[in-house]
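# Reading the structure
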Amino acid sequence: MIFDKNLHEECGVFGVYANHNASDLVYYGLHSLQHRGQEACGIVSNDGENFYIQKGLGLVTEVFNEQNVAKLKGLNAIGHVRYSTAGGGGLENVQPMYFRHHTGNFALAHNGNIVNSNELKKYLEDSGSIFQSTSDSEILAHLIKKEKRDSNRVLAIANALNMLEGAFAFLILTNDKLYCCRDKYGLRPLSIAKLNGGYVVSSETCAFEVVGATYIRDIEPGEIVIIDKDGLHSYFFSQYQRHKMCAMEYIYFARPDSDIEGCNVHTFRKESGKLLYKQHPIKADIVIGVPDSSLSAAIGFAEASGIPYEMGLVKNKYIGRTFIQPSQELRERGVKMKLSAVTSILKGKKVVLIDDSIVRGTTSKRIVKMLKEAGALEVHVYIASPPITSPCFYGVDISTYDELISAHKTIDEVKEIIGADSLVFLDENKLYEAGKRSELCTACFCGKYPTALYQSYKDANKDGKF
Ligand code: AMP
Ligand code: SF4
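A brief look at the structure comes next. (Residues numbered from 1 in each chain as written. Chains lettered and ligands numbered in written order. Predicted model: local features only at pLDDT ≥ 70, side-chain atom pairs only at ≥ 80, totals over all residues. Heavy atoms only, no water.)

Every residue close to ligand 2 is listed here: Arg188, Cys246, Ala247, Met248, Cys392, Tyr394, Val396, Ile398, Cys441, Ala443 and Cys444. Of the residues that constitute the shell around ligand 2, the class distribution is ten nonpolar, no polar and one charged. (Near = heavy atom within 4 Å. Nonpolar A, V, L, I, M, F, W, Y, C, P; charged D, E, K, R; others polar.)

Below you can see the structure in the form of structure tokens.
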């Protein structure tokens, strides 16, 4: 292992301020953010005096029920869904985290990854802090409470945020306020909406629709939006502001019905499919997409090429989570449990297969094999993103350098490994065109990271590979 995978978490946050049944609303919000993390979830609510907490390992529907949500009293609440890779999955790391302090208790939920967490932790431990978890949220909590001179809480939060390097969307709930913060690079999304005279904050706008909230705006990079009884207040903790939104949010991670910084995710993907065809036109019988994240790009490709879009692969929606750990052989079969190739559609056809990305290459390899076994004559794989050649340090689980197939192999070699008749990746500059924007984080494609990388970089560089 090249670097600490425990630090890499994909998450979603959702908050409600000044609404009856706040914790019910957070429950529904987290349910629509479930794709951002299936391993653990939690809700912390506040009634102006006390905090109420319910957290656990599992899906939102597994952790919460009518009885335990009813105990989460108050008009304000925040929630979190988490997916963490090997090791970081203990109960002590489940968010939101709750902190007691004589100057005021508070709860914290975080999406993203702090790249200087090792350095900050050492600094804090050297000056007496004791950590209970390996979560970045605890680091922020210690930093906020460390600076005793800042009696003004927003200044204490601003100073603490300025010490963090990396990607974050933080929600901080106190007895009377909700603070919503976004990193100065704008790597992770966070939007705000209004509901019944109160407010709702979410990692993705798809969750607003579910609770009936009306979108107001995105929280800006480097901004803290403070919500209190008087409404919304804005405070910028950094003058340095970029809009380096994670390109993978658009490509794979976010839900197609979410809008991120003014661009709908489905529209982005559809556009990337069109651009993929224009970049490398082909004649074929049918276009198919890998469900679900590649369907929008496949629709765009079909529209631009005039090649009919077909349902050559069908996903079993009810597969859920498997509780029996599968052996390698069963895992191979597991893919077939999730996806079926439709023989009557594929037989004798020259097929364009669209997928959103190739990470390790295992998915594409299995799907190409499956399509050929179903009788496809040729399978041309078109990927709606560039080759992933560098790991992500900002909270998206994109493997280690060693595991990334495109970090070691040429496009031609990858084509051979996955068994495709041809393989095309979208050019990096087309991502900006698809999103109609001039800035994005594309570090996993080009290796140019928008932030300093501190220990993560040093660890990765130790082997001289990266
Ligand atoms: P792989 O088999 O490792 O090449 O994975 C590629 C597939 O994983 C693609 O079909 C993507 O939809 C999906 N994918 C891309 N990024 C991620 C991620 N960060 N976590 C989980 N799956 C991903
Ligand atoms: Fe997103 Fe890739 Fe940047 Fe990570 S490195 S934030 S996955 S674009």
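Further notes follow.
For the rest of this paragraph, the subject is the layout of surface pockets. Approximately 500 Å³ is the volume found for the second largest pocket. In terms of lining, the second largest pocket is formed by 23 residues, of which the most central are Phe99, Gln132, Glu138, Ala141 and His142. Residue assignment for the lining of the second largest pocket shows that the elements contributing at least two residues are strand 3 (51-57), strand 5 (97-99) and helix 5 (136-146). With five residues, the top contributor of residues to the lining of the second largest pocket is helix 5. Its residues assigned to classes, the lining of the second largest pocket shows nine nonpolar, seven polar and seven charged. (1 Å grid on protein atoms, 1.4 Å probe; cavity = no way out; pocket = protein on both sides within 12 Å on 5 of 7 lines; lining within 4 Å. Points joined across faces, edges and corners; volume = space filled by probe spheres on them. Helix = DSSP H or I, 4+ residues; strand = E, 2+ residues; numbered from the N terminus.)

Here four strands make up an open sheet; going across it, the order is 16-19-20-21 and the pairing parallel. Among the strands making up the open sheet, the edge pair consists of strand 16 (286-289) and strand 21 (422-425). The mean inter-strand angle of the sheet, taken between neighbouring strand axes irrespective of direction, is 20°. Sheet topology places strand 20 (residues 378-383) next to strand 21; four bridges connect them, and they run parallel. Bridged to Ile383 within strand 21 is Phe425. Packing of helix 13 (residues 362-373) onto the sheet brings it into contact with strand 16, strand 19 (350-355) and strand 20, and relative to strand 19 it is tilted by some 155°. The strands touched by helix 15 (residues 411-418) are strand 20 and strand 21; relative to strand 21, the strand with the most contacts, the crossing angle is about 130°. (Pairing = 2+ DSSP bridges. Axes fitted to C-alpha atoms, helices over the stretch in contact; angles between N-to-C directions. Contact = heavy atoms within 4.5 Å.)

Attention now goes to the packing of aromatic side chains. Per the counting criterion, the structure on display carries 13 aromatic pairs. Between Phe168 and Phe237, the ring centres sit 6.3 Å apart and the planes meet at 25°, which makes this aromatic pair stacked. Linking Phe168 in strand 7 (residues 166-173) with Phe237 in the loop between strand 13 (231-236) and helix 8 (247-253), this pair joins segments that are 69 residues apart in sequence. Judged by relative accessible area, Phe168 falls into the buried class, the value being 1%. When its relative accessible area of 8% is taken as the criterion, Phe237 is described as buried. Residues Tyr185 and Tyr240 carry aromatic rings whose centres are separated by 5.7 Å and whose planes lie at 70° to one another, so their mutual orientation is edge-to-face. Taken together, the residues Tyr185 in the loop between strand 8 (178-182) and strand 9 (191-195) and Tyr240 in the loop between strand 13 and helix 8 connect sequence positions 55 residues apart. On the basis of relative accessible area, Tyr240 is assigned to the partly exposed category, the value being 38%. Seen from the ring of Phe131, Lys121 lies directly overhead, with NZ or CZ sitting 5.2 Å from the centre. (Phe/Tyr/Trp six-rings, centres within 6.5 Å; stacked < 30°, edge-to-face > 60°. Buried < 20%, exposed > 50% of the residue type's maximum accessible area, 1.4 Å probe, protein only. Lys NZ or Arg CZ within 6 Å of the ring centre and 35° of its normal.)

Along the chain, Ser135 falls in the loop between helix 4 (117-126) and helix 5. Look at Ser135 and you get buried, because its relative accessible area is 3%. Engagement of the side chain of Ser135 in a polar contact is seen with the backbone nitrogen of Ser137, the distance being 3.0 Å. With residues near it in sequence (within four places) discarded, Ser135 still touches Asn93, Gln95 and Met97. (Polar contact = N/O pair within 3.5 Å; in protein donor to acceptor, adjacent residues only side chain to side chain.)

Across soluble globular proteins, nonpolar side chains have a tendency to be buried as a group. Membership of the largest hydrophobic core comes to 50 residues, with the highest contact counts inside it found for Phe301, Ile354 and Tyr394. If you list the elements that add at least two residues to this core, you get helix 8, helix 9 (265-279), helix 10 (295-305), strand 19, helix 16 (428-435) and helix 17 (443-446). Per-element tally for this core: the top contributor is helix 9, with five residues. Residues from two domains meet in this core; each of domain 1 (12-242) and domain 2 (269-436) gives at least three. Apart from the residues within four sequence positions on either side, Phe301 is in contact with Gly273, Lys274, Leu276, Tyr277, Ile282, Val287, Ile307, Val352, Ile354 and Tyr382. One finds Leu124, Val154, Phe170 and Phe237 within the second-largest nonpolar core, a separate group that totals 28 residues. (Core = buried A, V, L, I, M, F, W, Y, C linked by side-chain atoms within 4.5 Å. Domains from an automatic or database assignment.)

Attention now moves to the site of ligand 1. Taken together, 16 residues lie near ligand 1, and Asp356, Val359, Arg360, Gly361 and Thr363 sit nearest. The contact in question runs from an oxygen atom of ligand 1 to an N or O atom on the side chain of Asp355, over 2.8 Å. Residue Arg360 places a main-chain N or O atom 2.7 Å away from an oxygen atom belonging to ligand 1. When ligand 1 sits alone it has 500 Å² of accessible area, and the protein chains cover 84% of it. The set of elements that each furnish at least two residues to the shell around ligand 1 consists of helix 8 and helix 13. (Areas by Shrake-Rupley, 256 points an atom, 1.4 Å probe, with all protein chains shown as cover.)

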